Amino acid sequence: MTDAANGQVPASTDASDRPDPLDFLPPDEPVHLLDPDGTYHPDPDHPIDLDDAALRELYRLMMVTRKVDREAINLQRQGQLGVYASCMGQEAAQIGSAYALGPDDWIFPSYRELGAALVRQVDAAGFLHLYRGTWLSDHDPYKHNFGLMSIPIGTQALHATGFAMGARLDGNPIVAMTYYGDGGTSEGDPHEAMTFAGVTKAPVIFFVQNNQYAISVPLAKQTAAPTLAHKAIGYGMPGYRVDGNDVLASYAVTRRAIDRAREGVGPAFIEAMTYRMEAHTTSDDPSRYRTQEELEEAAKTDPIVRMRNFLTKRDLYDSALEDAIEEQTKQVASEVRAGIYDAPHGDPMELFDHVYLDATNHFEDQVAQLRSELSQGGEV
Amino acid sequence: MPAADSTDTVDTIEDPVSTEVRTTTYAKAVAAALRTAMHADERVFMAGEDIGIYGGAFGVTDGLLQEFGEERIRDTPISEDAIVGMAVGAAITGTRPIVEMQFSDFVVNAMDPLVNQAAKLYFMYGGNVEVPMVLRLPGGGGTGAAAQHSQSLEAWFAHVPGLKVVAPSTVQDAHDLLLAALVDPNPVVVVEHKLLYKQEGALTPRATPEDSPAVIGEAAVVREGTDLTVVGYSLNTHKALDAAEELAAEGIDVEVVDLRTLRPLDTETVIESVCRTGKLLVTHEAPTAVGVGAEVVAAVAGSRAFDHLLAPIVRVCGRENPMPYAPALEAATIPQTADLVAAMRALAAEDV
C-alpha cells in the first residue's frame with residue numbers, strides 16, 4: 001500500500017535523511033569537570049588534551065581578563081569610557097571556548113567578549129577604544145580573526161554563519177564561532193542563522209553564555225524551552241550544555257563541537273551556564289531586579305577560584321606563578337590606562353572619512369560647511 | 001485589571017484622575033498619558049523590553065508594573081519583530097497595544113510588521129481590518145550612545161502610507177499627542193527624543209484619552225516673528241526657540257513653527273508663515289538628505305509661498321554620517337543651537 005493510500009502526503013525528503021533528534025538532545029546536566037574545590041572529574045567524551053603550560057595559561061588569561069574588566073569599570077567611572085559591559089563571572093566560558101579554536105578560526109563576538117578577545121591577543125586598550133569612542137574599533141579583525149563587536153543583539157550570529165558558509169564553499173577548513181547571550185536567543189537573527197547553518201552544514205558554533213539575565217529580564221521570561229540547548233534540535237544541530245564557570249569543561253565541550261564542525265558534520269549550539277556578576281553595563285542598576293543574596297550565591301561559583309584550586313591540587317600553582325601573574329596583570333592594567341587615558345577623540349574633519357569608500361560631491365559641500373564652522377571657532 | 005486603591009501604594013506616580021496643572025518632566029508626562037489611557041480603557045496594554053520591574057531604559061514606565069500588573073505591562077523576550085508583530089495582531093483583535101522600543105534604532109528589526117503589515121492591512125482588507133496601535137520610539141543623539149543607538153529614523157515612517165507619525169516637543173504635547181495617538185484608529189508612531197525626557201514644563205493632565213485637545217496633523221506657531229520662519233520638531237524646536245531668543249537681542253524677529261506631526265504634515269501652517277516672513281529655515285537632527293525637512297521645503301516651494309520667498313531656503317539638519325561616539329564628533333554631526341543662530345542670522349541678513 002502506498003503512503004498516500006495511508007493518508008500520508010508524499011514527502012519531498014527521504015525519511016532516512018532526517019536526523020534522529022535523540023542525537024541532538026542536550027545532556028540532563030551541563031558537562032562539568034571541575035568542582036568548586038578544584039576536584040577534577042575525567043570524562044572520556046570530553047578529554048582535556050592540554051599540557052601543564054596550557055592549563056596555567058587558561059588561568060592567567062582569566063586573571064588578566066578580570067583585571068582589565070575591573071580597570072574598564074574604573075575608567076568608565078572616571079569618565080574615560082562612555083559605557084562598559086563587564087564580563088566578570090563569565091571568564092571561564094569565554095576563555096575556555098575561545099582557547100579551543102585553531103589559529104585560523106574566527107570569532108564573531110558581541111560587546112561582552114573581553115575574555116575571548118584577550119585569547120585572540122587583541123590589545124586590551126585597543127578593544128576598549130570602542131567604549132571610549134576614540135574610534136569605533138581599534139583592532140584589526142583580520143590580524144586576530146576576531147570580528148567587530150556587535151552592539152545590536154544577535155546580528156553577529158548571521159555574520160558567523162555567512163562566513164562559515166563561505167569557508168565551506170572555499171573548502172577552507174576553518175570554523176567560525178559566534179557569541180551571544182540568553183537574551184539574544186529570542187531575536188530573529190540567531191534563529192535564521194541557525195536555520196541556514198543547519199541546512200548548509202556550515203562550520204559554525206553558536207556559543208551562548210546563559211548569564212541568567214537580559215538586562216532585567218530573567219531567563220524564565222526569555223524562553224519556555226526546557227533549556228536553551230534544546231532549541232538546537234529544531235535547526236538540525238546538537239545542543240550541548242556546559243558548566244560555563246568551569247574553564248576545562250568549556251574548553252572540552254567547545255573543542256568537541258569544533259572538531260565535529262571542521263570535519264564537515266555541521267554546526268553546533270553550546271549553552272554555557274554562567275552568571276553575570278556585574279551590571280548589564282555601567283549604565284545599569286542591577287539592584288532593581290536581583291538581590292544581594294543571589295549575587296553572593298553566584299559568587300561561590302567563581303570560575304577563577306575554581307581553576308586556582310585545580311592548579312593547586314595539581315602542584316601547578318605556587319607563589320612564583322602567583323607573583324608572575326600579579327606582575328603581569330598590573331602591567332596590562334597600566335598599559336590599558338595609558339592607552340585609554342585622555343586618548344584623543346579625533347578631529348571632526350574626519351567625520352566623513354569612513355562613510356563611503358569613495359568621495360561623493362554630496363560630502364564636499366558638508367566638508368566645506370564643517371570647515372567653515374570650525375574656522376569660525378563656534379560650537380560645532 | 002487596575003485595583004481601585006493601587007495608586008495609594010505607588011508614591012512615585014501621580015494620581016491618575018487628577019487633572020491639576022503641574023510642572024513635570026516630559027517622561028512623566030508620557031507616563032501620565034499611559035496611566036490615563038490604561039485607567040480609562042481596559043483594552044490598553046504595553047509591551048516592550050525591560051519596561052516592567054526595570055521601568056524602561058529611560059524610566060518612562062517606572063511604577064506601571066506595580067500599578068497595572070504583568071498582563072498589561074508586558075516585559076517581553078528580546079525580539080522587536082515579535083513585539084511589533086504581536087501588537088499588530090493584538091490591535092486587530094480589538095485591544096489597544098502601546099509598544100515601547102527600547103531605543104528607536106531597534107525598530108529596524110520590526111520593519112516587516114510595521115511597514116508591511118500595520119501600515120497596509122486596512123488598505124489591503126478593504127477597510128475591514130483596523131490596526132489601532134501606538135509605537136513609542138526613544139530616538140535621537142547627543143547622549144553619547146553612538147551609531148546604533150542615536151538615530152532619528154522618523155523620515156522612514158513618515159514615508160510609508162498608512163502610518164501616522166507624531167514628534168512632540170513639549171511636556172504637554174508629549175501627553176496630549178500620545179493620547180491622541182491612542183484614540184486614532186490608525187497605527188501611530190510616536191517619536192520621542194531621549195534628551196527631552198528630563199525636560200520640565202507645565203502639564204495639564206487629561207482624565208481620558210478623548211479629553212486630549214491635540215489634533216494629529218496640526219502644527220503650531222510657537223513663537224511669532226516677522227523676519228524669518230524656522231520650522232522644526234521634537235528637540236530641534238527647542239534649539240530653534242533658543243536661537244530665536246538669542247537673535248531677538250540683535251533685533252532679528254524669528255517665527256518658529258513646531259510641526260508636532262510629521263505625517264500627515266501640516267503644510268498650511270508653514271506656508272502661511274512663510275507668506276508673512278518671506279524666509280524659511282528648516283531644522284531637524286536627522287540627516288539632511290531625504291529628511292522630513294525636504295518635504296517641508298517642497299511643500300513651500302510648490303505653494304503660493306513661493307512668490308513670497310525673499311531668499312533661498314536653508315536647511316540646518318544632521319550631517320551625512322553615522323552618529324559618532326566621541327563627544328566632539330557627535331556634536332559636529334548634530335545641528336547645535338549655535339549653528340542655528342549663525343544660519344538664522346545669515347538668512348535674516350540676506351538682501352531683500
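*Asks:* Hey, could you go over the packing of aromatic side chains for me, with residue numbers and the actual values?
*Replies:* As enumerated under the stated definition, the model contains 16 aromatic pairs over all chains in all. Aromatic side chains B:Phe58 and B:Phe103 sit 5.2 Å apart centroid to centroid with 70 degrees between the ring planes, which places their arrangement in the edge-to-face category. Separated by 45 residues along the polypeptide, B:Phe58 in the loop between β2 (44-48) and α2 (64-68) and B:Phe103 in the loop between β4 (96-100) and α4 (111-118) bring together distant segments of the chain. Under the relative-accessibility criterion, B:Phe58 is labelled partly exposed at 29%. A network of ring pairs unites the aromatic residues B:Tyr26, B:Phe58, B:Phe103, B:Phe106 and B:Tyr197 as a single cluster. Looking at A:Arg288, its charged tip hangs above the ring of B:Tyr54, at a distance of 5.0 Å from the centre.

*Asks:* Just give me the short version of the packing of helix α3 (residues 91-99) of chain A against helix α10 (residues 247-262) of chain A, but keep the residues and values in it.
*Replies:* Residue and element names in this part refer to chain A. At a minimum axis separation of 7 Å, α3 and α10 run at an interaxial angle of 40 degrees. Considering the angle they form, α3 stands oblique to α10. You can see that α3 and α10 cross each other, and the crossing is right-handed. Of the residues in α10, those in contact with Ala92, Ala93, Gly96, Ser97 and Tyr99 of α3 are Val247, Ser250, Tyr251 and Thr254. Split by residue class, the contact of α3 with α10 holds 5 nonpolar, 4 polar and no charged.

*Asks:* Tell me about the domain arrangement of chain A, and please be specific about residues and values.
*Replies:* The domains assigned to chain A are domain 1 (21-40 + 47-282 + 290-344) and domain 2 (347-380). On a C-alpha basis, the centroid separation for the pair domain 1 of chain A and domain 2 of chain A is 39 Å.

*Asks:* So what about the domain arrangement of chain B? Which residues, and what values?
*Replies:* Residues and elements named next belong to chain B. Domain parsing of chain B yields domain 1 (22-211) and domain 2 (220-349). Residue-level contacts link 30 residues of domain 1 with 22 residues of domain 2. Taking both sides of the interface into account, the surface hidden between domain 1 and domain 2 amounts to around 2,000 Å²; carbon and sulfur atoms contribute 55%. Of all residues in domain 1, Glu154, Ala167 and Ser169 bury the most surface against domain 2, accounting for 21% of the area lost on that side.

*Asks:* Lay out the pattern of salt bridges with the relevant residues and their values.
*Replies:* Using the criterion set out here, one finds 31 salt bridges over all chains in the structure. Between A:Arg66 and A:Glu91 there is a salt bridge, with the nearest N and O atoms lying 2.9 Å from each other. One end of the pair, A:Arg66, is in helix α2 (residues 52-77); the other, A:Glu91, is in helix α3, and 25 residues separate them in sequence. For the pair A:Arg66 and A:Glu91, one class covers both residues: buried. The closest approach of N and O atoms between B:Arg276 and B:Glu272, which form a salt bridge, is 4.0 Å. Pair noted here: B:Arg276 and B:Glu272 are both in helix α9 (residues 267-277), with a separation of 4 residues, about one helical turn. Take B:Arg276: its relative accessible area is 46%, and that puts it in the partly exposed class. Taken together, the shared-partner salt bridges connect B:Glu255, B:Glu268, B:Glu272, B:Arg276 and B:Arg304 into one network.

*Asks:* Describe the sheet that holds strand β5 (residues 134-139) of chain B, listing the residues and the values that go with them.
*Replies:* As a general point, the strands of a sheet are linked pairwise by backbone hydrogen bonds and lie either parallel or antiparallel. Residues and elements named next belong to chain B. In spatial order, the strands read β3-β2-β4-β5-β7-β6-β12; together these 7 strands make up an open sheet with mixed pairing. Only two strands of the sheet have a single partner each, and these edge strands are β3 (73-75) and β12 (261-263). In this sheet, neighbouring strand axes are inclined to one another by 20 degrees on average, regardless of whether the strands run parallel or antiparallel. Two elements, β5 and strand β7 (residues 188-193), share 6 bridges in a ladder whose sense is parallel. Note that in β7 the partner of Pro138 across the bridge is Glu192. In the packing of helix α3 (residues 80-92) onto the sheet, contacts are made with β2, β4 and β5, and the angle to β4 comes to roughly 165 degrees.

*Asks:* Before we move on, could you go through a nonpolar patch on the surface and cite the residues and values that matter?
*Replies:* All names here are of chain B. A grouping of Phe123, Met124 and Tyr125 is seen on the molecular surface, where their side chains present a nonpolar patch of about 430 Å² in accessible area. Mapped onto the fold, Phe123 is located in helix α5 (residues 121-124). The exposure class of Phe123 is exposed, given its relative accessible area of 73%.

*Asks:* Can you explain the sheet that holds strand β6 (residues 239-243) of chain A? Please cite residues and give values.
*Replies:* Residues and elements named next belong to chain A. Read from one edge of the open sheet, 5 strands run β1-β2-β3-β7-β6, paired in parallel fashion. The open sheet has two edge strands with one neighbour each: β1 (106-108) and β6. Recorded for the sheet is a direction-independent mean angle of 20 degrees between the axes of neighbouring strands. Direction of pairing for β6 relative to strand β7 (residues 268-273): parallel, over a ladder of 5 bridges. For Tyr240, the partnering residue across the bridge sits in β7 and is Ile270. Most of the contacts of helix α8 (residues 188-200) go to strand β3 (residues 204-210), to which it runs at about 150 degrees, and overall it touches β2 (176-181), β3 and β7.

*Asks:* Now, about the environment of B:Ile51: what can you tell me, with residues and values included?
*Replies:* Residue and element names in this part refer to chain B. Topologically, Ile51 is positioned in the loop between β2 and α2. We classify Ile51 as buried; its relative accessible area is 0%. When the C-alpha positions of Ile51 and Asp62 are compared, they lie 7.6 Å apart, and in sequence the two are 11 residues distant. Apart from residues lying up to four places away in sequence, Ile51 is in contact with Met46, Gly56, Thr61, Ile73, Arg74, Asp75 and Glu100.

*Asks:* Requested: an account of the nonpolar core, with residues and values cited.
*Replies:* By size, the foremost hydrophobic cluster in this structure holds 71 residues, and its most contacted members are A:Val68, A:Phe127, A:Leu128, A:Tyr131, A:Ile205, A:Leu248 and A:Met307. The element contributing the most residues to this core is α2(A), with 11 residues. If near-sequence neighbours (up to four positions away) are discounted, A:Leu248 is found in contact with A:Leu33, A:Leu34, A:Tyr40, A:Ile48, A:Leu55, A:Leu58, A:Met307 and A:Phe310. Among the nonpolar cores identified, the runner-up in size contains 53 residues, and B:Phe45, B:Ala87, B:Ala110 and B:Val131 belong to it.

What counts, and at which threshold
Residues numbered from 1 in each chain as written. Chains lettered and ligands numbered in written order. Predicted model: local features only at pLDDT ≥ 70, side-chain atom pairs only at ≥ 80, totals over all residues. Heavy atoms only, no water. Phe/Tyr/Trp six-rings, centres within 6.5 Å; stacked < 30°, edge-to-face > 60°. Helix = DSSP H or I, 4+ residues; strand = E, 2+ residues; numbered from the N terminus. Buried < 20%, exposed > 50% of the residue type's maximum accessible area, 1.4 Å probe, protein only. Lys NZ or Arg CZ within 6 Å of the ring centre and 35° of its normal. Axes fitted to C-alpha atoms, helices over the stretch in contact; angles between N-to-C directions. Parallel < 35°, antiparallel > 145°, perpendicular 65-115°, else oblique. Left-handed = near helix turned anticlockwise from the far one by under 90°. Contact = heavy atoms within 4.5 Å. Nonpolar A, V, L, I, M, F, W, Y, C, P; charged D, E, K, R; others polar. Domains from an automatic or database assignment. Buried area = accessible area lost by both parts, 1.4 Å probe. Salt bridge = Lys/Arg side-chain N within 4 Å of Asp/Glu carboxyl O. Pairing = 2+ DSSP bridges. Patch = residues over 30% accessible without salt bridge, like charges linked within 9 Å, V, L, I, M, F, W, Y side chains within 5 Å. Areas by Shrake-Rupley, 256 points an atom, 1.4 Å probe, with all protein chains shown as cover. Core = buried A, V, L, I, M, F, W, Y, C linked by side-chain atoms within 4.5 Å.

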